[in-house]
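Fold and contact review
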Amino acid sequence: MLRVVSWNINGIRSPLQGMVYEEPSNCAAMAMGRILDKLDADIVCLQETKVTRDVLTEPLAIIEGYNSYFSFSRTRSGYSGVATFCKDSATPMAAEEGLSGLLATHNGDVGCYGNMDEFTQEELRALDSEGRALLTQHKIRTWEGKQKTLTLINVYCPHADAGKPERLTFKMRFYRLLQIRAEALLAAGSHVIILGDLNTAHCRIDHWDAVNLECFEEDPGRKWMDGLLSNLGCQAGSHVRPFIDSYRCFQPKQEGAFTCWSAVSGARHLNYGSRLDYVLGDRTLVIDTFQDSFLLPEVMGSDHCPVGAVLSVSSVPAKQCPPLCTRFLPEFAGTQLKILRFLVHHKQDPVFKQSVLRLGKQTQVQMHQNKARVRSTRLRPNQTGSSRGQKSLTSYFQPSSNRPQASPNLELPSMGALMTPKTPEEEVMAKVVEGQVGASEAKDEKEVQTSFWKSLLGGPLPMPLCGGHREPCVMRTVKKPGPNLGRHFYMCARPRGPPTDPSSRCNFFLWSRPS
(Lines give C-alpha, C1' and ligand atoms only; values in the text may rest on other atoms or scores of the structure.)
Protein backbone atom coordinates (compact mmCIF):
# COMPACT_ATOMS: atom_id res chain seq x y z
CA MET A 1 0.00 0.00 0.00
CA LEU A 2 1.11 3.54 -0.78
CA ARG A 3 -0.24 6.29 1.50
CA VAL A 4 0.04 9.93 0.42
CA VAL A 5 -0.94 12.93 2.57
CA SER A 6 -1.23 16.64 1.76
CA TRP A 7 -1.37 19.45 4.33
CA ASN A 8 -1.38 23.23 4.08
CA ILE A 9 0.76 23.71 7.16
CA ASN A 10 0.49 27.54 7.26
CA GLY A 11 4.17 27.95 8.10
CA ILE A 12 6.35 24.89 8.54
CA ARG A 13 7.72 26.25 11.83
CA SER A 14 4.30 26.97 13.40
CA PRO A 15 3.26 23.38 14.30
CA LEU A 16 6.81 22.72 15.49
CA GLN A 17 6.50 25.39 18.19
CA GLY A 18 3.72 23.48 19.90
CA MET A 19 5.52 20.16 19.56
CA VAL A 20 8.76 21.53 21.01
CA TYR A 21 6.86 23.29 23.79
CA GLU A 22 5.31 20.04 24.92
CA GLU A 23 8.73 18.43 25.28
CA PRO A 24 11.43 21.09 25.62
CA SER A 25 14.16 18.47 25.38
CA ASN A 26 13.18 17.74 21.77
CA CYS A 27 14.90 19.62 19.00
CA ALA A 28 13.27 20.80 15.80
CA ALA A 29 14.39 17.67 13.94
CA MET A 30 12.68 15.38 16.43
CA ALA A 31 9.54 17.56 16.34
CA MET A 32 9.40 17.48 12.55
CA GLY A 33 9.98 13.75 12.65
CA ARG A 34 7.08 13.37 15.07
CA ILE A 35 4.79 15.28 12.70
CA LEU A 36 5.74 13.01 9.81
CA ASP A 37 5.27 9.95 12.00
CA LYS A 38 1.86 11.24 13.10
CA LEU A 39 0.74 11.66 9.49
CA ASP A 40 2.00 8.10 8.84
CA ALA A 41 2.43 8.47 5.09
CA ASP A 42 4.96 7.31 2.54
CA ILE A 43 4.84 10.73 0.84
CA VAL A 44 3.89 13.96 2.65
CA CYS A 45 3.23 17.10 0.62
CA LEU A 46 3.22 20.40 2.51
CA GLN A 47 1.98 23.76 1.28
CA GLU A 48 2.50 27.32 2.48
CA THR A 49 5.77 26.49 4.21
CA LYS A 50 6.63 30.23 4.42
CA VAL A 51 10.38 29.63 4.37
CA THR A 52 12.97 30.74 1.88
CA ARG A 53 16.31 29.03 1.35
CA ASP A 54 18.20 31.56 3.48
CA VAL A 55 16.14 30.71 6.58
CA LEU A 56 15.71 26.96 6.01
CA THR A 57 17.54 25.09 8.75
CA GLU A 58 19.01 21.63 8.60
CA PRO A 59 16.73 20.20 11.34
CA LEU A 60 13.71 21.10 9.21
CA ALA A 61 15.13 19.87 5.93
CA ILE A 62 17.06 16.72 6.86
CA ILE A 63 14.89 14.18 8.67
CA GLU A 64 16.18 10.68 9.33
CA GLY A 65 14.38 8.13 7.18
CA TYR A 66 13.14 10.75 4.68
CA ASN A 67 14.41 12.67 1.69
CA SER A 68 12.92 16.14 1.19
CA TYR A 69 12.42 18.61 -1.66
CA PHE A 70 11.57 22.31 -1.34
CA SER A 71 10.33 25.03 -3.64
CA PHE A 72 10.85 28.56 -2.36
CA SER A 73 9.25 31.89 -3.18
CA ARG A 74 11.62 34.11 -5.12
CA THR A 75 9.55 37.28 -4.70
CA ARG A 76 8.82 37.58 -0.97
CA SER A 77 10.28 36.21 2.24
CA GLY A 78 8.00 34.21 4.55
CA TYR A 79 5.47 33.67 1.75
CA SER A 80 4.06 30.65 -0.07
CA GLY A 81 6.41 27.71 -0.67
CA VAL A 82 5.82 23.94 -0.89
CA ALA A 83 7.78 20.90 0.29
CA THR A 84 7.59 17.14 -0.27
CA PHE A 85 8.95 14.57 2.19
CA CYS A 86 9.39 11.03 0.88
CA LYS A 87 10.29 8.02 2.95
CA ASP A 88 13.49 6.35 1.86
CA SER A 89 11.32 3.44 0.76
CA ALA A 90 9.55 5.84 -1.65
CA THR A 91 12.56 7.77 -2.96
CA PRO A 92 11.63 9.41 -6.29
CA MET A 93 13.63 8.89 -9.43
CA ALA A 94 13.14 12.53 -10.51
CA ALA A 95 12.15 15.83 -8.90
CA GLU A 96 11.54 19.28 -10.31
CA GLU A 97 10.59 22.71 -9.07
CA GLY A 98 7.89 24.68 -10.91
CA LEU A 99 5.50 23.89 -13.75
CA SER A 100 6.99 25.75 -16.70
CA GLY A 101 10.40 24.08 -16.93
CA LEU A 102 12.25 27.38 -16.58
CA LEU A 103 13.54 26.32 -13.16
CA ALA A 104 14.63 22.90 -14.41
CA THR A 105 18.33 22.04 -14.19
CA HIS A 106 18.13 19.33 -16.90
CA ASN A 107 19.61 16.86 -14.43
CA GLY A 108 17.12 14.58 -12.74
CA ASP A 109 14.10 16.62 -13.87
CA VAL A 110 10.65 15.22 -14.60
CA GLY A 111 10.19 16.73 -18.07
CA CYS A 112 7.03 16.54 -20.27
CA TYR A 113 5.95 20.19 -20.38
CA GLY A 114 3.36 20.23 -23.16
CA ASN A 115 2.56 23.13 -25.45
CA MET A 116 3.01 26.41 -23.56
CA ASP A 117 3.03 28.73 -26.57
CA GLU A 118 0.09 30.70 -25.14
CA PHE A 119 2.37 31.96 -22.34
CA THR A 120 5.16 34.47 -22.62
CA GLN A 121 8.51 33.81 -20.97
CA GLU A 122 7.87 36.64 -18.50
CA GLU A 123 4.48 35.17 -17.60
CA LEU A 124 5.91 31.69 -17.06
CA ARG A 125 8.69 33.09 -14.93
CA ALA A 126 6.17 35.01 -12.80
CA LEU A 127 3.92 31.96 -12.34
CA ASP A 128 6.86 29.90 -11.06
CA SER A 129 8.46 32.65 -8.98
CA GLU A 130 6.23 32.20 -5.92
CA GLY A 131 7.25 28.60 -5.15
CA ARG A 132 3.81 27.05 -5.69
CA ALA A 133 4.57 23.76 -7.44
CA LEU A 134 6.86 20.79 -6.88
CA LEU A 135 6.92 17.56 -8.88
CA THR A 136 8.28 14.17 -7.80
CA GLN A 137 8.22 11.13 -10.07
CA HIS A 138 8.15 7.61 -8.63
CA LYS A 139 8.26 4.04 -9.80
CA ILE A 140 5.34 1.96 -8.51
CA ARG A 141 4.48 -1.72 -8.75
CA THR A 142 0.91 -2.95 -9.02
CA TRP A 143 -0.39 -6.15 -7.45
CA GLU A 144 -0.03 -7.78 -10.83
CA GLY A 145 3.71 -7.06 -10.69
CA LYS A 146 3.68 -4.39 -13.40
CA GLN A 147 5.91 -1.37 -12.94
CA LYS A 148 4.47 2.02 -13.80
CA THR A 149 5.40 5.67 -13.41
CA LEU A 150 3.55 7.95 -10.99
CA THR A 151 4.06 11.72 -10.90
CA LEU A 152 2.89 13.72 -7.88
CA ILE A 153 2.26 17.44 -8.41
CA ASN A 154 2.32 19.21 -5.05
CA VAL A 155 0.60 22.58 -5.56
CA TYR A 156 -0.39 25.63 -3.54
CA CYS A 157 -2.68 27.50 -5.91
CA PRO A 158 -3.02 31.30 -5.62
CA HIS A 159 -5.82 32.99 -3.70
CA ALA A 160 -8.02 35.44 -5.61
CA ASP A 161 -8.44 38.61 -3.54
CA ALA A 162 -11.67 40.44 -4.33
CA GLY A 163 -9.87 43.77 -4.05
CA LYS A 164 -7.09 42.74 -6.44
CA PRO A 165 -8.50 41.64 -9.81
CA GLU A 166 -5.00 41.00 -11.15
CA ARG A 167 -4.64 38.14 -8.67
CA LEU A 168 -7.71 36.43 -10.17
CA THR A 169 -6.01 36.59 -13.55
CA PHE A 170 -2.83 35.20 -12.01
CA LYS A 171 -4.81 32.37 -10.39
CA MET A 172 -6.54 31.36 -13.59
CA ARG A 173 -3.30 31.41 -15.56
CA PHE A 174 -1.72 29.21 -12.89
CA TYR A 175 -4.65 26.78 -13.23
CA ARG A 176 -4.17 26.71 -16.98
CA LEU A 177 -0.44 26.02 -16.69
CA LEU A 178 -1.11 23.26 -14.13
CA GLN A 179 -3.60 21.56 -16.43
CA ILE A 180 -1.27 21.71 -19.45
CA ARG A 181 1.58 20.13 -17.49
CA ALA A 182 -0.61 17.41 -15.95
CA GLU A 183 -2.13 16.44 -19.29
CA ALA A 184 1.33 16.38 -20.90
CA LEU A 185 2.50 13.92 -18.26
CA LEU A 186 -0.58 11.76 -18.85
CA ALA A 187 0.08 11.80 -22.58
CA ALA A 188 3.65 10.64 -21.93
CA GLY A 189 2.35 7.52 -20.15
CA SER A 190 2.72 8.53 -16.51
CA HIS A 191 -0.03 8.35 -13.93
CA VAL A 192 -0.62 11.72 -12.26
CA ILE A 193 -1.85 12.84 -8.85
CA ILE A 194 -2.51 16.53 -8.23
CA LEU A 195 -2.69 17.18 -4.51
CA GLY A 196 -2.58 20.25 -2.34
CA ASP A 197 -4.45 23.46 -1.65
CA LEU A 198 -6.37 24.40 -4.80
CA ASN A 199 -7.97 27.43 -3.08
CA THR A 200 -11.40 26.74 -4.59
CA ALA A 201 -14.44 25.00 -3.09
CA HIS A 202 -15.69 23.02 -6.06
CA CYS A 203 -19.35 22.24 -5.29
CA ARG A 204 -22.02 23.70 -3.02
CA ILE A 205 -21.57 20.79 -0.66
CA ASP A 206 -17.94 21.89 -0.23
CA HIS A 207 -18.79 25.37 1.14
CA TRP A 208 -20.57 26.30 4.39
CA ASP A 209 -22.43 29.28 2.92
CA ALA A 210 -22.93 28.38 -0.72
CA VAL A 211 -26.67 29.17 -0.61
CA ASN A 212 -25.92 32.82 0.19
CA LEU A 213 -23.24 33.29 -2.45
CA GLU A 214 -24.43 34.86 -5.69
CA CYS A 215 -23.55 33.05 -8.90
CA PHE A 216 -21.76 30.27 -7.05
CA GLU A 217 -21.35 28.04 -10.10
CA GLU A 218 -20.18 30.98 -12.23
CA ASP A 219 -16.95 31.41 -10.29
CA PRO A 220 -14.01 31.04 -12.75
CA GLY A 221 -12.16 28.65 -10.44
CA ARG A 222 -15.19 26.35 -10.16
CA LYS A 223 -15.67 26.38 -13.90
CA TRP A 224 -12.05 25.34 -14.34
CA MET A 225 -12.53 22.45 -11.92
CA ASP A 226 -15.69 21.44 -13.78
CA GLY A 227 -13.61 21.10 -16.93
CA LEU A 228 -10.86 19.15 -15.16
CA LEU A 229 -12.86 16.65 -13.10
CA SER A 230 -15.24 13.87 -14.04
CA ASN A 231 -17.20 11.40 -11.96
CA LEU A 232 -17.49 7.66 -12.08
CA GLY A 233 -20.93 7.86 -13.65
CA CYS A 234 -19.64 9.21 -16.96
CA GLN A 235 -20.58 7.03 -19.89
CA ALA A 236 -17.93 5.79 -22.28
CA GLY A 237 -19.42 7.76 -25.17
CA SER A 238 -19.54 11.08 -23.32
CA HIS A 239 -16.69 13.51 -22.89
CA VAL A 240 -14.56 11.98 -20.15
CA ARG A 241 -12.48 14.49 -18.24
CA PRO A 242 -9.00 13.38 -17.16
CA PHE A 243 -9.12 13.59 -13.35
CA ILE A 244 -11.34 12.50 -10.45
CA ASP A 245 -11.83 14.10 -7.03
CA SER A 246 -10.87 11.06 -4.97
CA TYR A 247 -12.70 12.12 -1.80
CA ARG A 248 -16.02 12.61 -3.58
CA CYS A 249 -15.41 9.29 -5.30
CA PHE A 250 -15.61 7.57 -1.90
CA GLN A 251 -17.86 10.08 -0.08
CA PRO A 252 -20.09 11.65 -2.77
CA LYS A 253 -22.75 12.99 -0.37
CA GLN A 254 -20.79 13.65 2.82
CA GLU A 255 -21.73 17.10 4.19
CA GLY A 256 -19.53 19.18 6.44
CA ALA A 257 -16.39 17.63 4.97
CA PHE A 258 -14.32 20.79 5.23
CA THR A 259 -10.56 21.25 5.27
CA CYS A 260 -10.14 24.99 5.93
CA TRP A 261 -11.59 27.29 8.61
CA SER A 262 -11.07 30.91 9.62
CA ALA A 263 -8.64 30.95 12.55
CA VAL A 264 -9.54 34.54 13.51
CA SER A 265 -13.24 33.83 13.98
CA GLY A 266 -12.76 30.40 15.60
CA ALA A 267 -14.93 28.83 12.91
CA ARG A 268 -13.33 25.40 13.29
CA HIS A 269 -15.08 24.94 16.64
CA LEU A 270 -18.45 24.77 14.84
CA ASN A 271 -17.06 23.33 11.57
CA TYR A 272 -17.93 26.48 9.64
CA GLY A 273 -15.48 26.15 6.74
CA SER A 274 -14.91 24.96 3.19
CA ARG A 275 -13.06 22.20 1.34
CA LEU A 276 -10.08 23.68 -0.46
CA ASP A 277 -7.62 20.76 -0.24
CA TYR A 278 -7.83 17.84 -2.67
CA VAL A 279 -6.21 14.64 -3.88
CA LEU A 280 -7.03 14.44 -7.59
CA GLY A 281 -5.97 11.33 -9.48
CA ASP A 282 -6.16 10.47 -13.14
CA ARG A 283 -9.25 8.45 -13.95
CA THR A 284 -7.53 5.11 -14.56
CA LEU A 285 -5.40 5.38 -11.43
CA VAL A 286 -8.37 6.17 -9.16
CA ILE A 287 -10.54 3.37 -10.54
CA ASP A 288 -7.81 0.72 -10.48
CA THR A 289 -5.70 1.49 -7.39
CA PHE A 290 -7.36 3.96 -4.96
CA GLN A 291 -8.55 2.15 -1.83
CA ASP A 292 -9.52 5.16 0.29
CA SER A 293 -9.51 8.96 0.40
CA PHE A 294 -9.78 10.72 3.74
CA LEU A 295 -9.65 13.94 5.76
CA LEU A 296 -7.87 14.37 9.11
CA PRO A 297 -9.76 17.21 10.87
CA GLU A 298 -8.46 16.10 14.27
CA VAL A 299 -4.89 17.13 13.36
CA MET A 300 -4.31 20.66 14.64
CA GLY A 301 -1.51 23.15 14.03
CA SER A 302 -2.88 25.03 11.00
CA ASP A 303 -6.06 26.63 9.68
CA HIS A 304 -6.20 23.64 7.27
CA CYS A 305 -6.38 19.94 8.06
CA PRO A 306 -4.49 17.19 6.22
CA VAL A 307 -6.09 15.17 3.42
CA GLY A 308 -4.85 11.97 1.86
CA ALA A 309 -5.41 8.75 -0.05
CA VAL A 310 -4.35 5.10 0.02
CA LEU A 311 -3.34 3.27 -3.16
CA SER A 312 -3.05 -0.48 -3.63
CA VAL A 313 0.44 -0.22 -5.11
CA SER A 314 3.94 -0.44 -3.69
CA SER A 315 6.72 2.02 -4.25
CA VAL A 316 9.96 1.04 -5.95
CA PRO A 317 12.59 3.36 -4.47
CA ALA A 318 15.26 4.88 -6.65
CA LYS A 319 18.86 3.95 -5.89
CA GLN A 320 19.79 7.56 -5.22
CA CYS A 321 17.92 10.81 -4.60
CA PRO A 322 17.47 13.35 -7.41
CA PRO A 323 19.79 16.40 -7.38
CA LEU A 324 16.96 18.62 -6.09
CA CYS A 325 17.03 16.80 -2.73
CA THR A 326 17.85 19.18 0.12
CA ARG A 327 20.62 16.92 1.43
CA PHE A 328 22.62 17.94 -1.65
CA LEU A 329 22.36 21.68 -0.93
CA PRO A 330 25.88 23.03 -0.18
CA GLU A 331 24.84 24.35 3.23
CA PHE A 332 23.62 20.89 4.27
CA ALA A 333 26.01 18.65 2.32
CA GLY A 334 29.10 19.99 4.10
CA THR A 335 30.60 21.48 0.93
CA GLN A 336 29.94 25.09 1.84
CA LEU A 337 32.78 26.65 3.84
CA LYS A 338 31.85 27.83 7.32
CA ILE A 339 33.48 30.61 9.28
CA LEU A 340 34.93 28.13 11.78
CA ARG A 341 37.15 26.73 9.07
CA PHE A 342 38.87 30.12 8.91
CA LEU A 343 39.30 30.34 12.70
CA VAL A 344 40.23 26.80 13.79
CA HIS A 345 43.01 24.56 12.43
CA HIS A 346 41.57 21.09 11.98
CA LYS A 347 44.97 19.43 11.40
CA GLN A 348 48.36 20.89 12.39
CA ASP A 349 51.83 19.76 11.41
CA PRO A 350 53.76 18.58 14.56
CA VAL A 351 56.89 20.49 13.47
CA PHE A 352 54.82 23.63 12.94
CA LYS A 353 53.14 23.15 16.32
CA GLN A 354 56.53 22.81 18.12
CA SER A 355 57.91 25.93 16.41
CA VAL A 356 54.86 27.88 17.45
CA LEU A 357 55.25 26.76 21.10
CA ARG A 358 58.98 27.63 21.06
CA LEU A 359 58.27 31.05 19.62
CA GLY A 360 55.58 31.64 22.23
CA LYS A 361 57.97 30.81 25.09
CA GLN A 362 60.63 33.17 23.70
CA THR A 363 58.05 35.93 23.42
CA GLN A 364 56.94 35.44 27.03
CA VAL A 365 60.59 35.60 28.32
CA GLN A 366 61.23 38.77 26.33
CA MET A 367 58.06 40.38 27.70
CA HIS A 368 59.11 39.61 31.32
CA GLN A 369 62.55 41.16 30.69
CA ASN A 370 61.02 44.32 29.22
CA LYS A 371 58.68 44.69 32.20
CA ALA A 372 61.60 44.35 34.66
CA ARG A 373 63.65 46.96 32.76
CA VAL A 374 60.78 49.45 32.80
CA ARG A 375 60.13 48.83 36.51
CA SER A 376 63.80 49.51 37.41
CA THR A 377 63.94 52.84 35.54
CA ARG A 378 60.69 54.18 37.06
CA LEU A 379 61.25 56.86 39.79
CA ARG A 380 59.98 56.16 43.25
CA PRO A 381 58.45 58.91 45.48
CA ASN A 382 61.03 58.51 48.29
CA GLN A 383 63.95 58.72 45.84
CA THR A 384 63.12 62.15 44.43
CA GLY A 385 63.23 65.39 46.35
CA SER A 386 61.45 67.43 43.71
CA SER A 387 58.27 69.21 44.72
CA ARG A 388 56.83 68.41 41.31
CA GLY A 389 55.79 64.94 42.40
CA GLN A 390 52.22 63.74 42.10
CA LYS A 391 49.87 65.40 44.57
CA SER A 392 47.46 63.47 46.71
CA LEU A 393 43.71 63.90 46.36
CA THR A 394 43.37 65.50 49.82
CA SER A 395 45.64 68.37 48.84
CA TYR A 396 42.86 69.79 46.72
CA PHE A 397 40.48 70.00 49.70
CA GLN A 398 42.74 71.93 52.15
CA PRO A 399 41.48 75.41 53.11
CA SER A 400 42.94 78.32 51.21
CA SER A 401 45.50 80.46 53.05
CA ASN A 402 44.09 83.80 51.78
CA ARG A 403 40.66 83.29 53.37
CA PRO A 404 40.04 84.35 57.02
CA GLN A 405 39.54 81.38 59.30
CA ALA A 406 37.28 81.35 62.33
CA SER A 407 38.96 81.29 65.67
CA PRO A 408 38.69 77.92 67.34
CA ASN A 409 38.10 79.63 70.73
CA LEU A 410 35.03 81.58 69.54
CA GLU A 411 31.79 80.11 70.98
CA LEU A 412 28.40 80.86 69.41
CA PRO A 413 25.30 81.12 71.58
CA SER A 414 22.95 78.13 71.45
CA MET A 415 19.47 78.42 69.94
CA GLY A 416 17.92 77.51 73.26
CA ALA A 417 19.42 80.58 74.87
CA LEU A 418 17.85 82.89 72.27
CA MET A 419 14.28 81.49 72.67
CA THR A 420 11.84 82.29 75.43
CA PRO A 421 11.35 79.30 77.70
CA LYS A 422 7.93 77.55 77.54
CA THR A 423 5.84 76.21 80.38
CA PRO A 424 5.15 72.46 80.55
CA GLU A 425 1.50 73.03 79.49
CA GLU A 426 2.56 74.97 76.40
CA GLU A 427 5.05 72.25 75.42
CA VAL A 428 2.34 69.57 75.67
CA MET A 429 -0.11 71.62 73.54
CA ALA A 430 2.58 72.30 70.94
CA LYS A 431 3.35 68.59 70.60
CA VAL A 432 -0.36 67.74 70.19
CA VAL A 433 -0.89 70.40 67.51
CA GLU A 434 2.27 69.35 65.69
CA GLY A 435 1.13 65.70 65.67
CA GLN A 436 -2.31 66.58 64.27
CA VAL A 437 -0.84 68.71 61.53
CA GLY A 438 1.60 65.94 60.56
CA ALA A 439 -1.15 63.29 60.47
CA SER A 440 -3.38 65.54 58.32
CA GLU A 441 -0.56 66.21 55.84
CA ALA A 442 0.30 62.51 55.60
CA LYS A 443 -3.36 61.62 55.01
CA ASP A 444 -3.73 64.25 52.26
CA GLU A 445 -0.55 63.07 50.58
CA LYS A 446 -1.70 59.44 50.68
CA GLU A 447 -5.08 60.34 49.17
CA VAL A 448 -3.40 62.28 46.38
CA GLN A 449 -1.11 59.37 45.58
CA THR A 450 -3.98 56.87 45.69
CA SER A 451 -6.14 58.92 43.31
CA PHE A 452 -3.19 59.37 40.95
CA TRP A 453 -2.41 55.66 40.70
CA LYS A 454 -6.11 54.80 40.34
CA SER A 455 -6.40 57.15 37.38
CA LEU A 456 -3.21 55.74 35.87
CA LEU A 457 -3.85 52.03 36.47
CA GLY A 458 -7.58 52.00 36.28
CA GLY A 459 -7.48 49.48 33.39
CA PRO A 460 -9.67 49.38 30.30
CA LEU A 461 -13.35 50.06 30.41
CA PRO A 462 -15.59 47.00 30.77
CA MET A 463 -16.48 45.29 27.51
CA PRO A 464 -20.00 45.92 26.22
CA LEU A 465 -22.42 43.00 26.09
CA CYS A 466 -23.44 41.56 22.72
CA GLY A 467 -27.10 41.83 21.80
CA GLY A 468 -27.65 38.16 21.01
CA HIS A 469 -26.21 36.47 24.10
CA ARG A 470 -25.65 39.33 26.58
CA GLU A 471 -22.02 38.21 26.94
CA PRO A 472 -18.85 40.37 27.00
CA CYS A 473 -17.62 41.22 23.51
CA VAL A 474 -14.11 41.14 22.09
CA MET A 475 -12.30 44.13 20.61
CA ARG A 476 -10.97 43.93 17.05
CA THR A 477 -9.00 46.34 14.89
CA VAL A 478 -9.73 47.24 11.26
CA LYS A 479 -6.75 46.14 9.13
CA LYS A 480 -8.26 46.68 5.69
CA PRO A 481 -6.95 49.81 3.96
CA GLY A 482 -9.50 52.60 3.92
CA PRO A 483 -10.91 55.43 6.03
CA ASN A 484 -11.45 53.13 9.04
CA LEU A 485 -7.96 51.59 9.05
CA GLY A 486 -6.75 51.21 12.64
CA ARG A 487 -10.13 51.85 14.27
CA HIS A 488 -11.30 49.54 17.07
CA PHE A 489 -14.70 47.89 17.28
CA TYR A 490 -16.56 45.37 19.44
CA MET A 491 -18.14 42.15 18.24
CA CYS A 492 -19.56 38.92 19.69
CA ALA A 493 -16.86 36.72 21.20
CA ARG A 494 -18.40 33.39 20.17
CA PRO A 495 -16.99 31.41 17.22
CA ARG A 496 -18.42 31.91 13.77
CA GLY A 497 -21.03 29.39 12.67
CA PRO A 498 -24.22 28.92 10.70
CA PRO A 499 -26.80 31.67 11.28
CA THR A 500 -29.35 29.04 12.33
CA ASP A 501 -27.10 27.82 15.16
CA PRO A 502 -27.91 29.78 18.36
CA SER A 503 -24.52 28.90 19.84
CA SER A 504 -22.65 30.69 17.04
CA ARG A 505 -21.66 34.34 16.83
CA CYS A 506 -24.44 36.95 16.70
CA ASN A 507 -24.38 40.02 14.47
CA PHE A 508 -23.56 42.53 17.23
CA PHE A 509 -21.24 45.36 16.13
CA LEU A 510 -20.20 48.56 17.91
CA TRP A 511 -17.47 51.08 17.14
CA SER A 512 -15.13 51.84 20.03
CA ARG A 513 -15.06 55.47 21.14
CA PRO A 514 -11.65 57.11 20.79
CA SER A 515 -9.88 57.50 24.14
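This structure is a prediction, so every number in the text was calculated from the model and none was measured.

Structural notes on the UniProt feature "site: Transition state stabilizer" (unreviewed entry) in the protein chain
- Taken from the UniProt record, the annotation "site: Transition state stabilizer" (unreviewed entry) applies to Asn199.
- Topologically, asparagine 199 is positioned in the loop between β8 (191-197) and α6 (220-228).
- Relative accessible area serves as the criterion here: at 14%, asparagine 199 is assigned to the buried category.
- Not counting residues within four places of it along the chain, the set of residues in contact with asparagine 199 comprises Tyr156, Cys157, Pro158, His159, Lys171, Tyr175 and Leu276.
- Separated by 2.8 Å, the side chain of asparagine 199 and the backbone oxygen of cysteine 157 make a polar contact.

Notes on the packing of aromatic side chains
- In total, this model carries seven aromatic pairs according to the counting rule given.
- On the numbers, 5.9 Å between centres and 80° between planes, the contact of phenylalanine 70 with phenylalanine 85 is edge-to-face. Residue phenylalanine 70 is found in strand β3 (residues 66-71), and its partner phenylalanine 85 is found in strand β4 (residues 82-87); the two are separated by 15 residues along the sequence.
- Relative accessible area serves as the criterion here: at 0%, phenylalanine 85 is assigned to the buried category.
- Relative to tyrosine 272, the ring of tryptophan 208 has its centre 3.9 Å away and its plane inclined at 40°; by these criteria the two rings are tilted. With tryptophan 208 in the loop between β8 and α6 and tyrosine 272 in the loop between β11 (260-261) and β12 (273-274), the pair connects residues that are 64 residues apart, well separated along the chain.
- You can call tryptophan 208 partly exposed: its relative accessible area is 25%.
- Accessibility expressed as a relative area gives 7% for tyrosine 272, which makes it buried.
- Three or more aromatic residues joined by ring pairs form one cluster here, namely Phe70, Phe72 and Phe85.
- The aromatic ring of tyrosine 79 is capped on one face by arginine 76, whose charged end is 3.9 Å from the ring centroid.

Observations concerning the sheet that holds β3
- Pairing in this open sheet of six strands is mixed, and the strands run β3-β4-β2-β1-β15-β14 from one edge to the other. Strands with a single pairing partner mark the edges of an open sheet, and in this sheet they are β3 and β14 (290-295). In this sheet, adjacent strand axes meet at a mean angle of 15° when their direction is disregarded.
- Here strand β1 (residues 2-8) runs beside strand β2 (residues 43-47); their pairing, made up of five bridges, is parallel. What sits directly across from serine 6, in β2, is cysteine 45.

Focus on the pattern of salt bridges
- Taken as a whole and assessed by the stated rule, the structure comprises 16 salt bridges.
- When the shortest N-O distance is used, the salt bridge between lysine 223 and glutamate 218 registers 3.0 Å.
- Relative accessible area serves as the criterion here: at 44%, lysine 223 is assigned to the partly exposed category.
- Judged by relative accessible area, glutamate 218 falls into the partly exposed class, the value being 47%.
- One salt bridge in this structure joins arginine 222 and aspartate 219, with 3.8 Å as the shortest N-O distance.
- On the basis of relative accessible area, arginine 222 is assigned to the buried category, the value being 10%.
- A relative accessible area of 26% means that aspartate 219 is categorised as partly exposed.
- Among the charged side chains, a salt-bridge network with shared partners connects Glu118, Glu123, Arg173 and Arg176.

What counts as what
- Residues numbered from 1 in each chain as written.
- Predicted model: local features only at pLDDT ≥ 70, side-chain atom pairs only at ≥ 80, totals over all residues.
- Heavy atoms only, no water.
- UniProt positions renumbered as here; feature names shortened; annotations may be inferred.
- Helix = DSSP H or I, 4+ residues; strand = E, 2+ residues; numbered from the N terminus.
- Buried < 20%, exposed > 50% of the residue type's maximum accessible area, 1.4 Å probe, protein only.
- Contact = heavy atoms within 4.5 Å.
- Polar contact = N/O pair within 3.5 Å; in protein donor to acceptor, adjacent residues only side chain to side chain.
- Phe/Tyr/Trp six-rings, centres within 6.5 Å; stacked < 30°, edge-to-face > 60°.
- Lys NZ or Arg CZ within 6 Å of the ring centre and 35° of its normal.
- Pairing = 2+ DSSP bridges.
- Axes fitted to C-alpha atoms, helices over the stretch in contact; angles between N-to-C directions.
- Salt bridge = Lys/Arg side-chain N within 4 Å of Asp/Glu carboxyl O.

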